[in-house]
Amino acid sequence: MGVRVMGVRSEPIGDIKTHYSLRNKLCPIFYAQYPIPNTQYPILNTQYSIPNTQYPILNTQYSIPNTQYPIPNTQYSILNTQYSIPNTQYPIPNTQYSIPNTQYPILNTHYTILNTNTQYPILNTQYPILNNQELKTKNQKPNTKNIYLCVMIAEIITIGDEILIGQTIDTNSAWLGEQLSLQGIRLNRIVTISDVPAEIIHAVDESFSRADLVLMTGGLGPTQDDVTKETLAQYFDTTLEMHQEVLEGITAFFTSRGREMLEVNRKQAELPKNADILMNARGTAMGMWFEKNGKVLISMPGVPYEMKGIMRDFGFEKIRNFFHTQPIIHKTVLTQGIGESFLAETISDWETALRNEGMFLAYLPSPGMVKLRISGYAENGNADKIENRIDHYIKELRRRVPEFAFGSDRETIAEVVGNMLQERKQTLALAESCTGGFIAHLVTSIAGSSAHFMGGVVAYSNEAKINLLEVSPDSLASEGAVSEKVVKEMANGARKKFNATFAVATSGVAGPDGGTDEKPVGTVWIALAGPKKTVAKKVIFGKSRSRTITVSALTALNWLRNEIFKSELE
(Lines give C-alpha, C1' and ligand atoms only; values in the text may rest on other atoms or scores of the structure.)
Protein backbone atom coordinates (compact mmCIF):
# COMPACT_ATOMS: atom_id res chain seq x y z
CA MET A 1 0.00 0.00 0.00
CA GLY A 2 1.08 3.57 -0.57
CA VAL A 3 2.20 5.55 2.47
CA ARG A 4 2.20 9.33 2.76
CA VAL A 5 4.59 11.01 5.21
CA MET A 6 4.63 14.79 4.97
CA GLY A 7 4.69 15.08 1.21
CA VAL A 8 6.44 11.77 0.66
CA ARG A 9 4.82 8.97 -1.30
CA SER A 10 5.71 5.30 -0.96
CA GLU A 11 4.26 2.58 -3.13
CA PRO A 12 5.33 -0.86 -4.32
CA ILE A 13 6.52 -1.51 -7.86
CA GLY A 14 6.76 -5.28 -8.23
CA ASP A 15 9.23 -6.47 -5.60
CA ILE A 16 10.61 -2.97 -5.13
CA LYS A 17 9.07 -0.33 -2.88
CA THR A 18 9.93 3.23 -3.76
CA HIS A 19 9.92 6.48 -1.82
CA TYR A 20 9.14 9.61 -3.80
CA SER A 21 10.61 12.53 -1.86
CA LEU A 22 9.65 16.05 -2.79
CA ARG A 23 12.30 18.74 -3.03
CA ASN A 24 12.74 20.59 0.27
CA LYS A 25 10.34 18.21 2.00
CA LEU A 26 10.90 15.65 4.73
CA CYS A 27 12.58 12.39 3.73
CA PRO A 28 11.62 9.09 5.44
CA ILE A 29 14.07 6.66 6.97
CA PHE A 30 12.48 3.64 8.62
CA TYR A 31 9.19 5.54 8.45
CA ALA A 32 10.76 8.17 10.72
CA GLN A 33 11.34 11.79 9.85
CA TYR A 34 14.30 14.07 9.38
CA PRO A 35 13.12 17.54 10.40
CA ILE A 36 14.14 20.99 9.26
CA PRO A 37 16.95 22.72 11.28
CA ASN A 38 16.11 24.16 14.69
CA THR A 39 13.43 21.59 15.39
CA GLN A 40 13.39 18.24 17.14
CA TYR A 41 15.41 15.56 15.42
CA PRO A 42 13.85 12.09 15.83
CA ILE A 43 15.54 9.09 14.20
CA LEU A 44 13.81 5.73 14.33
CA ASN A 45 11.20 7.36 16.54
CA THR A 46 13.60 7.56 19.47
CA GLN A 47 16.28 9.91 20.78
CA TYR A 48 19.97 9.28 20.61
CA SER A 49 23.01 10.56 22.40
CA ILE A 50 26.20 9.38 24.03
CA PRO A 51 25.67 7.67 27.42
CA ASN A 52 25.81 9.84 30.52
CA THR A 53 26.02 13.07 28.54
CA GLN A 54 23.74 15.52 26.86
CA TYR A 55 24.76 17.29 23.70
CA PRO A 56 22.75 19.63 21.48
CA ILE A 57 21.65 18.43 18.05
CA LEU A 58 20.21 21.26 15.98
CA ASN A 59 19.54 23.30 19.14
CA THR A 60 17.74 20.42 20.85
CA GLN A 61 19.11 18.21 23.64
CA TYR A 62 19.13 14.45 23.31
CA SER A 63 20.10 11.59 25.56
CA ILE A 64 20.25 7.88 24.86
CA PRO A 65 21.00 5.80 27.92
CA ASN A 66 22.50 2.44 27.04
CA THR A 67 20.63 1.86 23.81
CA GLN A 68 21.78 0.62 20.44
CA TYR A 69 23.51 3.24 18.33
CA PRO A 70 21.96 3.77 14.91
CA ILE A 71 25.30 3.40 13.13
CA PRO A 72 27.42 0.69 14.77
CA ASN A 73 31.21 1.06 14.63
CA THR A 74 31.04 4.72 13.66
CA GLN A 75 32.30 8.05 14.92
CA TYR A 76 29.76 10.69 15.75
CA SER A 77 30.53 14.35 15.15
CA ILE A 78 27.60 16.47 16.33
CA LEU A 79 27.97 20.22 16.01
CA ASN A 80 31.74 19.99 15.93
CA THR A 81 31.93 17.64 18.93
CA GLN A 82 33.45 14.18 18.28
CA TYR A 83 31.78 11.07 19.61
CA SER A 84 34.08 8.13 19.22
CA ILE A 85 32.79 4.76 18.18
CA PRO A 86 35.75 3.18 16.36
CA ASN A 87 36.78 3.08 12.71
CA THR A 88 34.82 5.66 10.72
CA GLN A 89 33.39 9.15 11.01
CA TYR A 90 29.72 10.05 10.98
CA PRO A 91 29.29 13.82 11.41
CA ILE A 92 25.85 15.36 11.74
CA PRO A 93 26.07 19.07 11.00
CA ASN A 94 22.86 20.91 10.22
CA THR A 95 22.21 19.48 6.76
CA GLN A 96 24.50 16.60 5.86
CA TYR A 97 25.56 13.14 6.85
CA SER A 98 29.12 12.40 5.78
CA ILE A 99 29.65 8.69 5.11
CA PRO A 100 33.07 7.34 4.04
CA ASN A 101 33.62 7.90 0.30
CA THR A 102 30.23 9.51 -0.25
CA GLN A 103 27.72 12.04 1.09
CA TYR A 104 24.35 11.53 2.67
CA PRO A 105 22.45 14.85 2.75
CA ILE A 106 19.55 15.00 5.15
CA LEU A 107 17.61 17.76 3.42
CA ASN A 108 16.94 18.37 -0.26
CA THR A 109 17.58 14.81 -1.31
CA HIS A 110 16.13 11.32 -1.52
CA TYR A 111 16.80 8.50 0.90
CA THR A 112 16.93 4.77 0.60
CA ILE A 113 16.89 2.19 3.39
CA LEU A 114 17.56 -1.51 3.67
CA ASN A 115 14.66 -3.34 5.30
CA THR A 116 12.44 -1.38 7.63
CA ASN A 117 13.22 -3.78 10.47
CA THR A 118 16.95 -3.02 10.46
CA GLN A 119 18.76 0.08 11.67
CA TYR A 120 21.13 0.64 8.77
CA PRO A 121 20.50 3.67 6.57
CA ILE A 122 22.08 3.68 3.11
CA LEU A 123 22.51 6.19 0.30
CA ASN A 124 20.51 5.77 -2.91
CA THR A 125 21.77 2.25 -3.34
CA GLN A 126 21.21 -1.31 -2.24
CA TYR A 127 24.41 -1.37 -0.20
CA PRO A 128 24.77 -0.28 3.46
CA ILE A 129 27.18 2.48 4.36
CA LEU A 130 30.03 0.66 6.09
CA ASN A 131 32.62 -0.49 3.54
CA ASN A 132 29.79 -0.98 1.00
CA GLN A 133 29.11 -4.40 2.48
CA GLU A 134 25.63 -5.73 3.20
CA LEU A 135 24.93 -5.61 6.93
CA LYS A 136 22.85 -8.00 8.96
CA THR A 137 21.12 -7.63 12.26
CA LYS A 138 21.86 -10.24 14.86
CA ASN A 139 19.17 -12.66 13.78
CA GLN A 140 18.07 -11.24 10.48
CA LYS A 141 19.34 -11.25 6.90
CA PRO A 142 18.87 -8.22 4.66
CA ASN A 143 15.79 -8.60 2.52
CA THR A 144 16.60 -7.46 -1.01
CA LYS A 145 12.91 -7.47 -1.85
CA ASN A 146 12.26 -4.75 0.72
CA ILE A 147 14.75 -2.19 -0.55
CA TYR A 148 13.60 1.38 -0.89
CA LEU A 149 14.70 3.39 -3.91
CA CYS A 150 14.14 7.12 -4.28
CA VAL A 151 12.60 7.99 -7.64
CA MET A 152 11.35 11.33 -8.87
CA ILE A 153 7.90 11.28 -10.45
CA ALA A 154 6.81 13.22 -13.53
CA GLU A 155 3.52 13.62 -15.37
CA ILE A 156 2.72 14.97 -18.83
CA ILE A 157 -0.25 17.16 -19.74
CA THR A 158 -0.95 17.57 -23.45
CA ILE A 159 -3.35 20.29 -24.53
CA GLY A 160 -5.43 20.40 -27.67
CA ASP A 161 -8.80 19.36 -29.08
CA GLU A 162 -7.00 18.08 -32.19
CA ILE A 163 -5.47 15.33 -30.04
CA LEU A 164 -8.73 14.55 -28.27
CA ILE A 165 -10.68 14.04 -31.53
CA GLY A 166 -7.92 12.02 -33.19
CA GLN A 167 -6.79 14.53 -35.82
CA THR A 168 -3.28 14.68 -34.35
CA ILE A 169 -1.29 11.82 -32.84
CA ASP A 170 0.53 12.70 -29.62
CA THR A 171 4.13 11.80 -30.44
CA ASN A 172 5.48 14.33 -27.93
CA SER A 173 4.62 12.19 -24.90
CA ALA A 174 6.34 9.11 -26.32
CA TRP A 175 9.55 11.05 -26.88
CA LEU A 176 9.40 12.79 -23.50
CA GLY A 177 8.76 9.49 -21.72
CA GLU A 178 11.83 7.95 -23.29
CA GLN A 179 14.02 10.95 -22.47
CA LEU A 180 12.78 11.26 -18.89
CA SER A 181 13.56 7.62 -18.27
CA LEU A 182 17.16 8.23 -19.32
CA GLN A 183 17.31 11.02 -16.73
CA GLY A 184 16.23 8.65 -13.96
CA ILE A 185 12.73 10.10 -13.78
CA ARG A 186 9.66 7.89 -13.69
CA LEU A 187 6.77 9.03 -15.90
CA ASN A 188 3.65 8.23 -13.91
CA ARG A 189 0.79 9.50 -16.07
CA ILE A 190 -0.08 11.20 -19.38
CA VAL A 191 -3.23 13.33 -19.55
CA THR A 192 -4.77 15.04 -22.59
CA ILE A 193 -7.11 17.95 -22.00
CA SER A 194 -8.96 20.67 -23.89
CA ASP A 195 -7.50 24.21 -24.06
CA VAL A 196 -9.98 25.51 -21.50
CA PRO A 197 -8.79 27.42 -18.38
CA ALA A 198 -10.76 25.33 -15.89
CA GLU A 199 -9.45 22.09 -17.39
CA ILE A 200 -5.87 23.36 -17.33
CA ILE A 201 -6.07 24.46 -13.68
CA HIS A 202 -7.72 21.20 -12.63
CA ALA A 203 -5.14 19.10 -14.49
CA VAL A 204 -2.18 21.00 -12.99
CA ASP A 205 -3.62 20.71 -9.47
CA GLU A 206 -4.07 16.97 -9.87
CA SER A 207 -0.62 16.43 -11.36
CA PHE A 208 1.08 18.46 -8.63
CA SER A 209 -0.70 16.31 -6.02
CA ARG A 210 1.11 13.25 -7.40
CA ALA A 211 4.29 14.39 -9.12
CA ASP A 212 7.40 16.52 -8.62
CA LEU A 213 7.67 17.55 -12.28
CA VAL A 214 4.89 18.37 -14.76
CA LEU A 215 5.62 18.74 -18.48
CA MET A 216 2.93 20.51 -20.49
CA THR A 217 2.80 20.71 -24.30
CA GLY A 218 0.45 22.72 -26.52
CA GLY A 219 -1.84 25.70 -26.21
CA LEU A 220 0.85 28.40 -26.72
CA GLY A 221 -0.07 29.54 -30.22
CA PRO A 222 -0.91 33.14 -31.21
CA THR A 223 -4.66 32.68 -31.75
CA GLN A 224 -7.51 33.46 -29.36
CA ASP A 225 -8.21 29.81 -28.59
CA ASP A 226 -4.70 29.37 -27.14
CA VAL A 227 -5.24 30.37 -23.49
CA THR A 228 -2.60 28.27 -21.74
CA LYS A 229 -0.14 31.11 -21.10
CA GLU A 230 -2.74 33.38 -19.51
CA THR A 231 -4.14 30.51 -17.43
CA LEU A 232 -0.71 29.54 -16.10
CA ALA A 233 0.01 33.17 -15.20
CA GLN A 234 -3.20 33.15 -13.15
CA TYR A 235 -2.38 29.78 -11.57
CA PHE A 236 1.10 30.89 -10.49
CA ASP A 237 -0.23 34.23 -9.24
CA THR A 238 1.62 36.50 -11.66
CA THR A 239 0.97 38.76 -14.64
CA LEU A 240 2.21 38.99 -18.19
CA GLU A 241 4.90 41.45 -19.22
CA MET A 242 6.67 42.20 -22.49
CA HIS A 243 9.93 40.28 -22.69
CA GLN A 244 12.26 42.40 -24.81
CA GLU A 245 14.75 39.65 -25.67
CA VAL A 246 11.94 37.38 -26.79
CA LEU A 247 10.36 40.17 -28.85
CA GLU A 248 13.65 40.76 -30.64
CA GLY A 249 13.93 37.04 -31.35
CA ILE A 250 10.40 36.83 -32.77
CA THR A 251 11.04 39.90 -34.92
CA ALA A 252 14.23 38.35 -36.27
CA PHE A 253 12.35 35.10 -36.91
CA PHE A 254 9.84 36.82 -39.24
CA THR A 255 12.44 39.09 -40.85
CA SER A 256 14.67 36.16 -41.78
CA ARG A 257 11.74 34.55 -43.57
CA GLY A 258 10.60 37.70 -45.33
CA ARG A 259 7.24 37.66 -43.55
CA GLU A 260 5.28 40.39 -41.82
CA MET A 261 4.96 40.12 -38.04
CA LEU A 262 1.39 40.63 -36.87
CA GLU A 263 0.21 41.99 -33.53
CA VAL A 264 -0.78 38.48 -32.39
CA ASN A 265 2.81 37.40 -32.96
CA ARG A 266 4.09 40.37 -30.99
CA LYS A 267 1.86 39.34 -28.08
CA GLN A 268 3.73 36.03 -27.94
CA ALA A 269 6.56 38.00 -26.29
CA GLU A 270 4.22 38.82 -23.38
CA LEU A 271 5.20 36.22 -20.80
CA PRO A 272 4.62 35.54 -17.07
CA LYS A 273 6.87 37.65 -14.81
CA ASN A 274 7.83 34.86 -12.44
CA ALA A 275 8.62 32.23 -15.09
CA ASP A 276 12.08 31.33 -16.33
CA ILE A 277 11.89 31.66 -20.10
CA LEU A 278 13.23 28.77 -22.19
CA MET A 279 14.08 30.31 -25.54
CA ASN A 280 12.68 28.69 -28.67
CA ALA A 281 15.13 29.09 -31.56
CA ARG A 282 12.78 27.23 -33.93
CA GLY A 283 9.52 29.12 -33.50
CA THR A 284 7.72 31.98 -31.78
CA ALA A 285 6.20 30.26 -28.72
CA MET A 286 8.65 30.19 -25.82
CA GLY A 287 8.99 27.53 -23.17
CA MET A 288 8.22 28.55 -19.56
CA TRP A 289 9.60 27.12 -16.30
CA PHE A 290 7.45 27.63 -13.18
CA GLU A 291 8.24 26.64 -9.59
CA LYS A 292 5.77 26.18 -6.75
CA ASN A 293 6.34 24.55 -3.35
CA GLY A 294 9.46 22.77 -4.57
CA LYS A 295 7.73 21.42 -7.68
CA VAL A 296 8.23 22.38 -11.32
CA LEU A 297 5.97 22.84 -14.33
CA ILE A 298 7.48 23.29 -17.79
CA SER A 299 5.13 24.58 -20.49
CA MET A 300 6.20 24.16 -24.12
CA PRO A 301 4.74 24.51 -27.61
CA GLY A 302 3.08 21.45 -29.08
CA VAL A 303 5.05 21.45 -32.36
CA PRO A 304 7.29 18.39 -31.88
CA TYR A 305 10.57 19.70 -33.23
CA GLU A 306 10.16 22.97 -31.29
CA MET A 307 9.38 21.13 -28.05
CA LYS A 308 12.34 18.78 -28.53
CA GLY A 309 14.65 21.69 -29.24
CA ILE A 310 13.62 23.53 -26.06
CA MET A 311 14.10 20.41 -23.91
CA ARG A 312 17.48 19.60 -25.47
CA ASP A 313 18.74 23.17 -25.30
CA PHE A 314 17.55 24.02 -21.77
CA GLY A 315 14.96 21.74 -20.21
CA PHE A 316 16.85 18.57 -19.36
CA GLU A 317 19.84 20.41 -17.94
CA LYS A 318 17.63 22.54 -15.68
CA ILE A 319 15.80 19.42 -14.50
CA ARG A 320 19.07 17.67 -13.63
CA ASN A 321 20.38 20.70 -11.75
CA PHE A 322 17.14 21.36 -9.88
CA PHE A 323 16.28 17.81 -8.84
CA HIS A 324 19.78 16.29 -8.78
CA THR A 325 18.52 13.25 -10.65
CA GLN A 326 20.44 10.01 -10.99
CA PRO A 327 20.54 8.95 -14.66
CA ILE A 328 19.47 5.48 -15.73
CA ILE A 329 21.32 3.42 -18.30
CA HIS A 330 19.00 1.47 -20.61
CA LYS A 331 20.02 -1.10 -23.17
CA THR A 332 17.60 -3.21 -25.19
CA VAL A 333 18.03 -6.66 -26.71
CA LEU A 334 15.75 -7.48 -29.65
CA THR A 335 14.41 -11.00 -30.09
CA GLN A 336 12.28 -12.62 -32.79
CA GLY A 337 10.65 -16.03 -33.05
CA ILE A 338 9.95 -16.75 -29.39
CA GLY A 339 7.00 -15.67 -27.23
CA GLU A 340 7.33 -13.65 -24.05
CA SER A 341 6.46 -16.49 -21.64
CA PHE A 342 8.74 -19.02 -23.33
CA LEU A 343 11.58 -16.52 -23.39
CA ALA A 344 11.09 -15.71 -19.70
CA GLU A 345 11.24 -19.40 -18.81
CA THR A 346 14.33 -19.98 -20.96
CA ILE A 347 16.34 -17.16 -19.36
CA SER A 348 14.91 -17.26 -15.82
CA ASP A 349 18.24 -17.93 -14.08
CA TRP A 350 19.94 -15.24 -16.21
CA GLU A 351 17.22 -12.78 -15.19
CA THR A 352 17.57 -13.70 -11.51
CA ALA A 353 21.32 -13.09 -11.58
CA LEU A 354 20.80 -9.73 -13.28
CA ARG A 355 18.21 -8.58 -10.74
CA ASN A 356 20.42 -9.72 -7.85
CA GLU A 357 22.99 -7.18 -9.03
CA GLY A 358 20.44 -4.39 -8.62
CA MET A 359 19.52 -4.07 -12.28
CA PHE A 360 16.05 -4.32 -13.78
CA LEU A 361 14.52 -6.17 -16.73
CA ALA A 362 11.39 -5.29 -18.70
CA TYR A 363 9.69 -7.50 -21.32
CA LEU A 364 8.27 -5.40 -24.17
CA PRO A 365 6.31 -7.62 -26.59
CA SER A 366 5.03 -6.51 -30.00
CA PRO A 367 3.85 -8.46 -33.07
CA GLY A 368 6.67 -10.83 -34.01
CA MET A 369 9.15 -9.51 -31.46
CA VAL A 370 9.96 -9.29 -27.77
CA LYS A 371 12.29 -6.53 -26.60
CA LEU A 372 14.22 -7.00 -23.37
CA ARG A 373 15.13 -3.68 -21.76
CA ILE A 374 17.88 -3.90 -19.15
CA SER A 375 18.24 -0.90 -16.84
CA GLY A 376 20.57 0.19 -14.08
CA TYR A 377 20.94 3.37 -12.02
CA ALA A 378 24.20 5.24 -12.67
CA GLU A 379 24.79 6.40 -9.10
CA ASN A 380 27.83 8.02 -7.54
CA GLY A 381 29.80 8.10 -10.77
CA ASN A 382 29.48 4.37 -11.44
CA ALA A 383 28.01 4.71 -14.95
CA ASP A 384 30.91 2.86 -16.59
CA LYS A 385 30.62 -0.02 -14.12
CA ILE A 386 26.86 -0.35 -14.65
CA GLU A 387 27.23 -0.18 -18.43
CA ASN A 388 29.93 -2.88 -18.36
CA ARG A 389 27.72 -5.16 -16.27
CA ILE A 390 24.77 -4.64 -18.61
CA ASP A 391 27.02 -5.42 -21.61
CA HIS A 392 28.15 -8.59 -19.84
CA TYR A 393 24.57 -9.78 -19.42
CA ILE A 394 23.68 -8.91 -23.01
CA LYS A 395 26.64 -10.93 -24.27
CA GLU A 396 25.57 -13.89 -22.14
CA LEU A 397 21.96 -13.61 -23.34
CA ARG A 398 22.97 -13.62 -27.00
CA ARG A 399 25.17 -16.64 -26.36
CA ARG A 400 22.22 -18.50 -24.85
CA VAL A 401 19.57 -17.71 -27.46
CA PRO A 402 21.45 -16.79 -30.67
CA GLU A 403 18.61 -17.99 -32.90
CA PHE A 404 16.24 -15.45 -31.33
CA ALA A 405 18.42 -12.49 -30.22
CA PHE A 406 19.18 -10.59 -33.41
CA GLY A 407 20.05 -7.02 -32.40
CA SER A 408 20.00 -4.26 -29.86
CA ASP A 409 18.45 -0.87 -29.14
CA ARG A 410 17.21 0.77 -32.39
CA GLU A 411 18.49 -1.82 -34.85
CA THR A 412 16.00 -3.52 -37.15
CA ILE A 413 16.07 -7.09 -38.41
CA ALA A 414 16.36 -5.79 -41.97
CA GLU A 415 19.38 -3.69 -40.97
CA VAL A 416 21.08 -6.64 -39.27
CA VAL A 417 20.47 -8.95 -42.23
CA GLY A 418 21.61 -6.28 -44.67
CA ASN A 419 24.89 -5.78 -42.80
CA MET A 420 25.49 -9.52 -42.75
CA LEU A 421 24.93 -9.80 -46.49
CA GLN A 422 27.19 -6.86 -47.28
CA GLU A 423 29.99 -8.14 -45.03
CA ARG A 424 29.91 -11.44 -46.94
CA LYS A 425 29.36 -9.82 -50.35
CA GLN A 426 26.10 -11.73 -50.74
CA THR A 427 22.79 -10.61 -52.24
CA LEU A 428 19.05 -11.06 -51.71
CA ALA A 429 15.95 -11.36 -53.89
CA LEU A 430 12.30 -11.56 -52.80
CA ALA A 431 9.12 -13.23 -54.07
CA GLU A 432 6.15 -12.04 -52.06
CA SER A 433 2.50 -12.98 -52.22
CA CYS A 434 0.67 -12.60 -48.88
CA THR A 435 3.18 -10.03 -47.54
CA GLY A 436 2.50 -7.82 -50.56
CA GLY A 437 5.95 -6.22 -50.75
CA PHE A 438 6.26 -5.54 -47.01
CA ILE A 439 9.55 -7.43 -46.76
CA ALA A 440 10.91 -5.35 -49.63
CA HIS A 441 9.74 -2.23 -47.82
CA LEU A 442 11.65 -3.24 -44.67
CA VAL A 443 14.78 -4.08 -46.65
CA THR A 444 14.80 -0.88 -48.72
CA SER A 445 14.05 1.36 -45.72
CA ILE A 446 17.71 0.89 -44.78
CA ALA A 447 20.15 3.30 -46.40
CA GLY A 448 22.64 1.49 -48.64
CA SER A 449 20.39 -1.53 -49.22
CA SER A 450 21.08 -1.34 -52.97
CA ALA A 451 24.45 -2.94 -52.22
CA HIS A 452 22.78 -6.26 -51.30
CA PHE A 453 19.15 -6.15 -52.46
CA MET A 454 18.78 -7.15 -56.10
CA GLY A 455 15.01 -6.82 -56.43
CA GLY A 456 11.69 -8.46 -55.74
CA VAL A 457 8.41 -9.57 -57.24
CA VAL A 458 4.97 -9.16 -55.68
CA ALA A 459 3.26 -12.12 -57.31
CA TYR A 460 -0.23 -11.92 -55.90
CA SER A 461 -2.11 -13.77 -58.61
CA ASN A 462 -1.41 -17.26 -59.92
CA GLU A 463 -0.72 -15.76 -63.35
CA ALA A 464 2.02 -13.56 -61.88
CA LYS A 465 3.56 -16.54 -60.12
CA ILE A 466 3.62 -18.47 -63.40
CA ASN A 467 4.79 -15.65 -65.70
CA LEU A 468 7.25 -13.87 -63.43
CA LEU A 469 8.59 -16.62 -61.18
CA GLU A 470 8.22 -19.73 -63.38
CA VAL A 471 5.94 -21.49 -60.90
CA SER A 472 4.50 -24.65 -62.45
CA PRO A 473 0.77 -24.48 -63.31
CA ASP A 474 0.53 -28.13 -62.29
CA SER A 475 1.88 -27.28 -58.81
CA LEU A 476 -0.71 -24.55 -58.42
CA ALA A 477 -3.49 -26.83 -59.59
CA SER A 478 -2.55 -29.78 -57.40
CA GLU A 479 -1.22 -28.10 -54.24
CA GLY A 480 -2.67 -24.60 -54.31
CA ALA A 481 -0.84 -21.30 -54.03
CA VAL A 482 -0.43 -21.65 -50.26
CA SER A 483 1.73 -24.77 -50.24
CA GLU A 484 5.28 -25.93 -49.67
CA LYS A 485 5.84 -26.86 -53.31
CA VAL A 486 4.64 -23.54 -54.74
CA VAL A 487 6.51 -21.35 -52.27
CA LYS A 488 9.74 -23.23 -52.98
CA GLU A 489 9.25 -22.69 -56.70
CA MET A 490 8.65 -18.99 -56.03
CA ALA A 491 11.92 -18.71 -54.11
CA ASN A 492 13.87 -20.58 -56.79
CA GLY A 493 12.34 -18.41 -59.50
CA ALA A 494 13.27 -15.17 -57.71
CA ARG A 495 16.82 -16.33 -57.03
CA LYS A 496 17.25 -17.25 -60.70
CA LYS A 497 15.58 -14.10 -62.03
CA PHE A 498 17.74 -11.71 -60.02
CA ASN A 499 20.90 -13.87 -59.87
CA ALA A 500 20.99 -13.50 -56.08
CA THR A 501 22.78 -15.49 -53.39
CA PHE A 502 19.56 -15.95 -51.40
CA ALA A 503 15.88 -15.58 -52.13
CA VAL A 504 12.96 -15.47 -49.70
CA ALA A 505 9.35 -16.22 -50.72
CA THR A 506 6.04 -15.98 -48.89
CA SER A 507 2.57 -17.28 -49.70
CA GLY A 508 -0.32 -17.46 -47.29
CA VAL A 509 -3.87 -16.66 -46.23
CA ALA A 510 -3.64 -13.23 -44.62
CA GLY A 511 -7.39 -13.01 -44.00
CA PRO A 512 -9.81 -12.12 -42.74
CA ASP A 513 -11.47 -14.24 -45.46
CA GLY A 514 -10.28 -17.09 -47.65
CA GLY A 515 -9.38 -19.69 -45.04
CA THR A 516 -10.34 -23.37 -45.11
CA ASP A 517 -10.23 -26.18 -42.58
CA GLU A 518 -6.97 -27.36 -44.15
CA LYS A 519 -5.52 -23.85 -44.54
CA PRO A 520 -7.10 -21.56 -41.92
CA VAL A 521 -6.66 -17.80 -41.92
CA GLY A 522 -3.13 -16.96 -40.78
CA THR A 523 -1.51 -19.94 -42.52
CA VAL A 524 1.73 -18.86 -44.21
CA TRP A 525 4.40 -20.79 -46.08
CA ILE A 526 7.88 -19.25 -46.13
CA ALA A 527 10.70 -20.53 -48.36
CA LEU A 528 14.38 -19.79 -48.43
CA ALA A 529 16.51 -20.61 -51.47
CA GLY A 530 20.30 -20.54 -51.14
CA PRO A 531 23.40 -21.77 -52.92
CA LYS A 532 23.05 -25.33 -51.58
CA LYS A 533 19.35 -25.99 -51.05
CA THR A 534 15.81 -24.65 -50.90
CA VAL A 535 13.80 -25.16 -47.72
CA ALA A 536 10.32 -24.16 -46.58
CA LYS A 537 8.28 -24.11 -43.40
CA LYS A 538 4.65 -23.51 -42.46
CA VAL A 539 3.57 -21.14 -39.70
CA ILE A 540 0.15 -20.00 -38.46
CA PHE A 541 -0.12 -16.46 -37.11
CA GLY A 542 -3.80 -15.92 -36.31
CA LYS A 543 -6.67 -14.01 -37.84
CA SER A 544 -5.36 -10.43 -37.87
CA ARG A 545 -4.37 -9.49 -41.44
CA SER A 546 -1.91 -6.75 -40.50
CA ARG A 547 -0.33 -8.88 -37.78
CA THR A 548 0.07 -11.84 -40.14
CA ILE A 549 1.83 -9.65 -42.72
CA THR A 550 4.15 -8.08 -40.12
CA VAL A 551 5.06 -11.29 -38.32
CA SER A 552 5.57 -13.17 -41.62
CA ALA A 553 8.07 -10.55 -42.77
CA LEU A 554 10.00 -10.54 -39.49
CA THR A 555 10.01 -14.34 -39.33
CA ALA A 556 11.32 -14.62 -42.89
CA LEU A 557 14.15 -12.17 -42.28
CA ASN A 558 15.20 -13.77 -39.00
CA TRP A 559 15.18 -17.19 -40.64
CA LEU A 560 17.45 -15.79 -43.35
CA ARG A 561 19.75 -14.40 -40.65
CA ASN A 562 20.06 -17.81 -39.02
CA GLU A 563 20.60 -19.57 -42.36
CA ILE A 564 23.44 -17.18 -43.22
CA PHE A 565 25.14 -18.21 -39.98
CA LYS A 566 24.49 -21.89 -40.63
CA SER A 567 25.90 -21.68 -44.14
CA GLU A 568 29.21 -20.54 -42.66
CA LEU A 569 29.32 -23.60 -40.42
CA GLU A 570 28.53 -26.15 -43.15
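Going by the structure above, here's the rest.
Residues numbered from 1 in each chain as written. Predicted model: local features only at pLDDT ≥ 70, side-chain atom pairs only at ≥ 80, totals over all residues. Heavy atoms only, no water.

*Asks:* Before we go on, may I ask you to explain helix 2 (residues 172-182) in this structure?
*Replies:* Within helix 2, the full set of buried residues consists of N172, S173, W175, L176, G177, Q179 and L180. Contact partners of the buried residues in helix 2: strand 16 (152-159), strand 17 (185-193), strand 18 (213-217) and helix 7 (304-323). At the C-terminal side of helix 2, G184 shows a positive phi close to 80 degrees. (Buried < 20%, exposed > 50% of the residue type's maximum accessible area, 1.4 Å probe, protein only. Helix = DSSP H or I, 4+ residues; strand = E, 2+ residues; numbered from the N terminus. Contact = heavy atoms within 4.5 Å.)

*Asks:* I keep staring at the sheet that holds strand 28 (residues 428-432) and nothing clicks. Help me out?
*Replies:* Strand pairing in a sheet relies on backbone hydrogen bonds. The paired strands run either parallel or antiparallel. Pairing within the open sheet is mixed, and its 5 strands lie in the order 29-28-30-31-32. Pairing within the sheet leaves two strands with one partner each, and these edge strands are strand 29 (453-458) and strand 32 (534-540). Going across the sheet, the axis of each strand differs from the next one's by a mean of 15 degrees, ignoring polarity. The pairing of strand 30 (residues 502-508) with strand 31 (residues 523-529) spans 6 bridges and is antiparallel. Paired with A505 across the bridge in strand 31 is A527. (Pairing = 2+ DSSP bridges. Axes fitted to C-alpha atoms, helices over the stretch in contact; angles between N-to-C directions.)

*Asks:* Explain the pattern of salt bridges here, please?
*Replies:* For side chains bearing opposite charge, pairing can occur when the charged atoms are close. As enumerated under the stated definition, the model contains 16 salt bridges in all. Between R189 and E155 there is a salt bridge, with the nearest N and O atoms lying 3.9 Å from each other. Remark: E155 occurs in strand 16 and R189 occurs in strand 17; sequence separation between them is 34 residues. Look at E155 and you get buried, because its relative accessible area is 1%. With a shortest N-O distance of 2.6 Å, R210 and E155 are connected by a salt bridge. On the criterion of sequence distance, the pair formed by R210 in helix 3 (residues 197-210) and E155 in strand 16 is long-range, its members being 55 residues apart. There is no split in this pair, since R210 and E155 are both buried. If you follow the salt bridges from partner to partner, you end up with D349, E396, R399 and R400 in one network. (Salt bridge = Lys/Arg side-chain N within 4 Å of Asp/Glu carboxyl O.)

*Asks:* Mind showing me how you'd approach the pairing of strand 22 (residues 287-292) here?
*Replies:* Two faces make up the sheet, and in a regular strand the side chains alternate between them. Of the pairings in the sheet, the one linking strand 21 (residues 276-278) to strand 22 comprises 3 bridges and is antiparallel in character. Across the sheet, residue L278 finds its bridge partner in strand 22, namely G287. Relative to strand 23 (residues 295-300), strand 22 is paired through 5 bridges, and the arrangement is antiparallel. In the sheet register, E291 faces strand 23, and the bridge partner there is V296. Between strand 22 and strand 23, which pair antiparallel in sequence order, lie 2 residues; one of them, N293, sits at a positive phi of approximately 55 degrees.

*Asks:* Even after reading the chapter, I still don't get helix 15 (residues 484-498), so can you show me in this structure?
*Replies:* Side chains of residues three or four places apart in an α-helix project in the same direction, reflecting 3.6 residues per turn. An ideal rise of 1.5 Å per residue puts 21 Å on 15 residues; helix 15 measures up with 22 Å between its terminal C-alpha atoms. Residues of helix 15 that are buried include every one of V486, V487, E489, M490, A491, G493, A494 and F498, and no others. N499 sits one or two residues past helix 15 and shows a positive phi near 55 degrees. (Expected span 1.5 Å × (residues − 1).)

*Asks:* Whenever I open this one, the pairing of strand 23 confuses me. Can you help?
*Replies:* In terms of residue burial, strand 23 counts as a mostly covered element, since 6 of its 6 residues are buried. Burial along strand 23 is two-sided: K295, L297 and S299 facing one way and V296, I298 and M300 facing the other are all buried. Both strand 18 and strand 23 contribute to a ladder of 5 bridges, which runs parallel. By the bridge assignment for strand 23, L213 is matched with V296.

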